[in-house]
Amino acid sequence: MFQCLFLCAAILARAGENKSATATAIAAVVEAGGELKGIPFAEVIKATTGNQVLPFDLKSEADRELLSKIGGALDEVIQRMNATNSIAQKQRRINEVSSHFENEMKAVLNETPGFSCDFPHLASGKIQRSGYPDLRLVDKKSGRIIYLDPKLYEATSRNSSLRTFYFEPKTETNKVLEDAHHLIVGFAHDGKKSGQWKFLSWELVDLSHFKVRLKAEFQGSNHDLYQDAAIVGSSRK
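Residues numbered from 1 in each chain as written. Predicted model: local features only at pLDDT ≥ 70, side-chain atom pairs only at ≥ 80, totals over all residues. Heavy atoms only, no water.

### Brief notes about the pattern of salt bridges
For the coordinates displayed, the defined rule picks out 11 salt bridges. We note a salt bridge from E104 to R80, for which the minimum N-O separation is 2.9 Å. Of this pair, E104 sits in helix α5 (residues 98–111) while R80 is found in helix α4 (residues 61–82), placing the two residues 24 residues apart along the sequence. Residue classification places R80 among the partly exposed residues on the basis of a relative accessible area of 27%. One salt bridge connects K170 with E168, and the closest N-O pair in it is separated by 3.4 Å. Given a relative accessible area of 49%, E168 falls into the partly exposed group. Overlapping salt bridges, with partners in common, bring together E76, R80, E104 and E111 in one network. (Salt bridge = Lys/Arg side-chain N within 4 Å of Asp/Glu carboxyl O. Helix = DSSP H or I, 4+ residues; strand = E, 2+ residues; numbered from the N terminus. Buried < 20%, exposed > 50% of the residue type's maximum accessible area, 1.4 Å probe, protein only.)

### Remarks on a nonpolar patch on the surface
Together, L225, Y226 and I231 line one region of the surface with nonpolar side chains, adding up to about 340 Å² of accessible area. Relative to the helices and strands, Y226 resides in the segment after α6 (222–225). (Patch = residues over 30% accessible without salt bridge, like charges linked within 9 Å, V, L, I, M, F, W, Y side chains within 5 Å. Areas by Shrake-Rupley, 256 points an atom, 1.4 Å probe, with all protein chains shown as cover.)

### Things to note about the environment of I184
If you trace the backbone, I184 turns up in strand β6 (residues 180–193). Residue class for I184 comes out buried when judged on its relative accessible area of 11%. Between the alpha carbons of I184 and D206 there is a distance of 6.8 Å; along the sequence they are 22 residues apart. In contact with I184, other than residues within four places in its own chain, are D149, K151, F165, E203, L204, V205 and L207. (Contact = heavy atoms within 4.5 Å.)

### Thoughts on the packing of aromatic side chains
A ring pair, where both rings are aromatic, is described by two values, the distance of the centres and the angle of the planes. One pass over the structure, following the stated rule, counts 9 aromatic pairs. With 6.0 Å between their ring centres and 55 degrees between their planes, F41 and F210 make a pair best called tilted. Note that F41 is positioned in helix α3 (residues 41–49) and F210 in the loop between β7 (196–206) and β8 (211–215), a separation of 169 residues in sequence. Given a relative accessible area of 1%, F41 falls into the buried group. Of the residues examined, F210 reaches a relative accessible area of 26% and is grouped as partly exposed. Relative to F199, the ring of F101 lies with its centre 4.8 Å away and its plane at 70 degrees, an arrangement referred to as edge-to-face. With F101 in helix α5 and F199 in strand β7, this pair connects stretches of sequence that are 98 residues apart. Like F199, F101 is buried. Members of the aromatic cluster, each reached through a chain of ring pairs, are F41, Y132, F165, F167 and F210. Across the ring face of F115, the terminal group of K69 is positioned such that the distance to the ring centre comes to 4.5 Å. (Phe/Tyr/Trp six-rings, centres within 6.5 Å; stacked < 30°, edge-to-face > 60°. Lys NZ or Arg CZ within 6 Å of the ring centre and 35° of its normal.)

Functional significance is not addressed by these values, which are geometric in nature.
Next comes the structure, spelled out in structure tokens:
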């Protein structure tokens, strides 16, 4: 069914070419309830990019050492961002802090011996900040690649069911170009109190275990709506 909806999306993208195929695709989406749940993120990445999401093995000493090394860098990131002169402390909203965490993580990881970290490139070679993932880390010793995506959340909302992650598969903006490990870096904070952000802790989430939802929706913009041929009445100007 997962592959079916991807096929439907491809058919719908060519809506004007074959009306019967479009009708078939819409019927398939409706029959599926317009939503799929419990889809392994690793399968999404494989289907949309052709690349593997590599799992970490906590029984492996090499994996434990690599994760510990990343963790040491994250401890330093939290310490720097909690400093009173941190750029994070100058931001009013937590959404405005996120990009500064990305920058600080990149800086600290590059200061860590044996690591090289940068913003991911598109297939064209262009760097793009928006979209998943935010950072590409290379362990020089092993050559392993780890995609990192920091997320800031208030500690009391850790178990919230609201959407906090999304991945939009587009060839022109795809940043997942290699088989790699994929980690969400969750930073908990306790809100801004007395004009100060307090970042409490971090967690590394291995996305090889992550399951996502796919929700199909039909949408349009004002440009799509207000076409001259569709206007059948208007107020006098």
